[in-house]
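Residue-level structural notes
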Amino acid sequence: MAWRRLSTISRARLSRGTLLAALLTLVLGLALVAQVRSTQTADLENLRETDLIALLDDVTDRADRLEDEVRSLEQDRSRLESGGGDAAAAQAAQSRLESYQILAGTVPVSGPGVSVRVSDPEGEVTTTMMIDLVQELRDAGAEAIQIGPARVVATTWIGVDEGRLTVDGQPVAAPYSVVAIGDGHTLAGALAIPGGFNDSVRRVGGEVQVTEGEELVIDAVHEPPTLEHARPVPPSEGR
């Protein structure tokens, strides 16, 4: 559907505004597909009632965020198609650039969210537990995450080196400090779901302290690697 629309747009007068409108439409389509796929992978039959309620709340929150994104993209498209000119295109492009910089972790960010302190007196907190923590925060809508000195991005990996947890190869010492930017109440609620990260840590003798804040700062940045093989596919060659 998105490609058919792009094909129609490409036959119109090519301008920066038209091309950006097409790009915004494609991004919206991909976001909707990702939402559907993530919902389909849930094994609902094995979840308890409390987990189902939390999942429903999470899906509702995601739907609300997607609706906000739809409205934003439609406003951008209307501005561009109404002849707003290069100024409107530049403003929309700058807004998208800032969003992508935050997602890629290349700029510091601030805002509301939660700070999490994870004690591990027995050294039993595992990489799987920390990955679960990151996933729970992301599922609850965290827009940026930092663990110790490391910014968490799409390519982040968590491992162990000489008995110590590492994030992207950087050692992280207990008690582990985690900061997540997003809706603080939603993030804190996600971490409190029975059977989740908090319970896993307590089972191995640790403790999790979650503190909501209105103006938290994530100052770690991620240096993206130089890509050697992947190249964008020109629109004329896309499927």
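Up top is the structure.
Residues numbered from 1 in each chain as written. Predicted model: local features only at pLDDT ≥ 70, side-chain atom pairs only at ≥ 80, totals over all residues. Heavy atoms only, no water.

Moving on, we get to the pattern of salt bridges. Evaluated as defined, the whole model comprises two salt bridges. Note that R202 is salt-bridged to D199, the shortest N-O span being 3.5 Å. With R202 and D199 both in helix α7 (residues 197-203) and three residues apart, this pair spans about one turn of that helix. The class for D199 is partly exposed, based on a relative accessible area of 25%. Here R202 and E207 are joined by a salt bridge, their closest N and O atoms 3.6 Å apart. Among the charged side chains, a network of salt bridges with common partners joins D199, R202 and E207. (Salt bridge = Lys/Arg side-chain N within 4 Å of Asp/Glu carboxyl O. Helix = DSSP H or I, 4+ residues; strand = E, 2+ residues; numbered from the N terminus. Buried < 20%, exposed > 50% of the residue type's maximum accessible area, 1.4 Å probe, protein only.)

Relative to the helices and strands, L165 is located in strand β5 (residues 164-167). Sequence-wise, L165 and M130 are 35 residues apart; in three dimensions their C-alpha atoms are separated by 9.2 Å. L165 has contacts with V125, T126, T127, M130, I158, G159, V160, Q170, P171, V172 and Y176, leaving out every residue within four places of it along the chain. (Contact = heavy atoms within 4.5 Å.)

Across the sheet, which stays open at both edges, the five strands sit in the order β3-β2-β7-β1-β8 with antiparallel pairing between neighbours. Bordering the open sheet on either side are β3 (150-152) and β8 (207-218), each of which pairs with just one other strand. Strand-to-strand twist across the sheet, computed as the mean angle between neighbouring axes with direction ignored, equals 25°. Two elements, strand β1 (residues 109-119) and strand β7 (residues 176-181), share six bridges in a ladder whose sense is antiparallel. Opposite V114, over in β7, you have A180 as the bridge partner. The strands touched by helix α5 (residues 127-139) are β1, β2 (144-147), β3 and β7; relative to β2, the strand with the most contacts, the crossing angle is about 160°. The strands that helix α6 (residues 184-191) touches are β1, β7 and β8; relative to β1, the one it contacts most, it runs at about 25°. (Pairing = 2+ DSSP bridges. Axes fitted to C-alpha atoms, helices over the stretch in contact; angles between N-to-C directions.)

The next subject is the sheet that holds β5. Spatially, three strands are ordered β4-β5-β6 in an open sheet, and the strand pairing comes out antiparallel. Unpaired on one side and paired on the other, β4 (158-161) and β6 (170-171) mark the two borders of the sheet. Relative to β5, β4 runs antiparallel, the two being bridged by four bridges. Residue pairing for β5: G159 is matched across the bridge by T166.

Next up on the list: unusual backbone geometry. Residue P175 is bonded to the preceding A174 through a cis peptide linkage, with omega at -5°. A positive phi angle is found at D168, which is not glycine, with a value near 55°. By the secondary structure assignment, D168 is in the loop between β5 and β6.

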